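A closer look at the structure
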Amino acid sequence: MNSLLLKDINKTFGQGSATVTALNHINFKAKAGELTLIIGPSGSGKSTLLTILGGLQTPTQGQVFLQGQSLTELTNKQREKLRLEQIGFVLQAYNLVPYLRVRDQFALVDQLTQHHLAPAAFQQITNKLGISDLLNQFPNELSGGQTQRVALARALYPDPAIILADESTAALDSQRVLVVGQLLQDLAHSENKAIVAVTHDERLKQFADHIYELIDGHLTPVY
Ligand SMILES: Nc1ncnc2c1ncn2[C@@H]1O[C@H](COP(=O)(O)OP(=O)(O)O)[C@@H](O)[C@H]1O
Ligand SMILES: [Mg+2]
């Protein structure tokens, strides 16, 4: 089964002569155990595609399947539950809570769901990402790259089956990009996660099992 499946997705914004077609007849699939990369320039539709994949936005046309379940057939509440239990989002806006220390960003997840990483696995991830020493900081005390790594750890903490990452290496130096790329690949290959990363960062290509190119809302498989 595909973890994620898009069938003939269109997404337009606005009306009449002001209509913007962000996604144009998109077909896409992502499987557990694979890191799938969608590469495209700014404005090509990457964030729109990723948020539709995760059920945060609805398409204008077409169908979205998550773990074989059609999202359009669910109520908002069911969709929310599925999202909470199955998907780890690493959004461009990082979605960290500004008034909580880093450690409490994770404690917040504990309150929402019983399902999260055991302490040893969590520690392994914070070590790999180099954020173990940042747990007492507030988000506004972190650099862009540190914020990005905390946001990634936060998305991984509930141990979701599907991970959706939006430009999650944009603020990182080359060394860190390799660490994050390797981590995403490891999570896919050894933890059987379905990972979709949208990016304009060519440095991630070496870690991908599949690559698509998104240009002006048109998606083409590269390999
Ligand atoms: N909420 C929105 N309202 C109007 N236009 C939007 C909206 N979201 C995205 N767009 C437009 O859709 C296109 C794709 O945007 P986006 O998905 O953010 O691209 P990317 O993430 O690749 O930079 C752009 O032309 C953008 O201006
Ligand atoms: Mg974007």
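Conventions adopted
Within any chain, residue numbers begin from 1 and follow the written order of that chain's sequence. Think of it this way: whatever chain is written first is A, whatever ligand is written first is 1, and the rest follow in order. Only residues with pLDDT of at least 70 get local features here, since the model is predicted, and only at 80 or more are side-chain atom pairs given and counted; chain-wide, interface and lining totals rely on the full set of residues. Excluded from the side-chain calculations are hydrogens and water; all other atoms, namely the structure's heavy atoms, are used. To define a nonpolar core, start from buried Ala, Val, Leu, Ile, Met, Phe, Trp, Tyr and Cys residues and group those joined through side-chain atoms within 4.5 Å. Burial classes: relative accessible area under 20% of the type maximum marks a residue as buried, over 50% as exposed, and values in between as partly exposed (1.4 Å probe, protein chains only). By definition, any uninterrupted DSSP run of H or I lasting at least four residues is a helix, any uninterrupted run of E lasting at least two residues is a strand, and each is numbered from the N terminus. Two strands form a pair only when DSSP identifies at least two bridges running between them. Orientation is described by lines fitted to C-alpha atoms, with helices fitted over the stretch in contact, and by angles between N-to-C directions that extend from 0 to 180 degrees. Working rule for contacts: check all heavy atoms of both residues, and any pair within 4.5 Å makes them a contact.

**Side note on the nonpolar core**
- Ranked by size, the top nonpolar core spans 38 residues in total, and within it L37, F106, L129, L152, L156 and I195 carry the most contacts.
- Put simply, the parts of the chain that give this core at least two residues each are β3 (34-39), α3 (102-112), α4 (119-128), α5 (144-156), β7 (162-166), α6 (174-191) and β8 (194-199).

**So, the sheet that holds strand β4 (residues 61-66)**
- An order of β2-β1-β4-β5 is seen for the four strands of this open sheet, with the pairing classed as antiparallel. At either margin of the open sheet sits one strand with a lone partner, and together these are β2 (20-30) and β5 (69-70).
- The pairing of β4 with β5 spans two bridges and is antiparallel. Bridge pairing in β5 places L66 opposite Q69.

**Considering the sheet that holds β8**
- As summarised here, the arrangement of the six strands in space is β6-β7-β8-β3-β9-β10, forming an open sheet in which the pairing is mixed. Among the strands making up the open sheet, the edge pair consists of β6 (87-90) and β10 (218-221). Between one strand axis and the next, the sheet turns through 15 degrees on average, direction left out of account.
- Where β7 meets β8, five bridges bridge the pair, whose relative direction is parallel. Its bridge partner being in β8, L164 is matched across the sheet by V196.
- Strands β6 and β7 of the sheet are contacted by helix α2 (residues 76-86), whose axis makes an angle of about 80 degrees with β6.
- Those strands touched by α5 are β6 and β7, and its axis lies near 170 degrees from that of β6.

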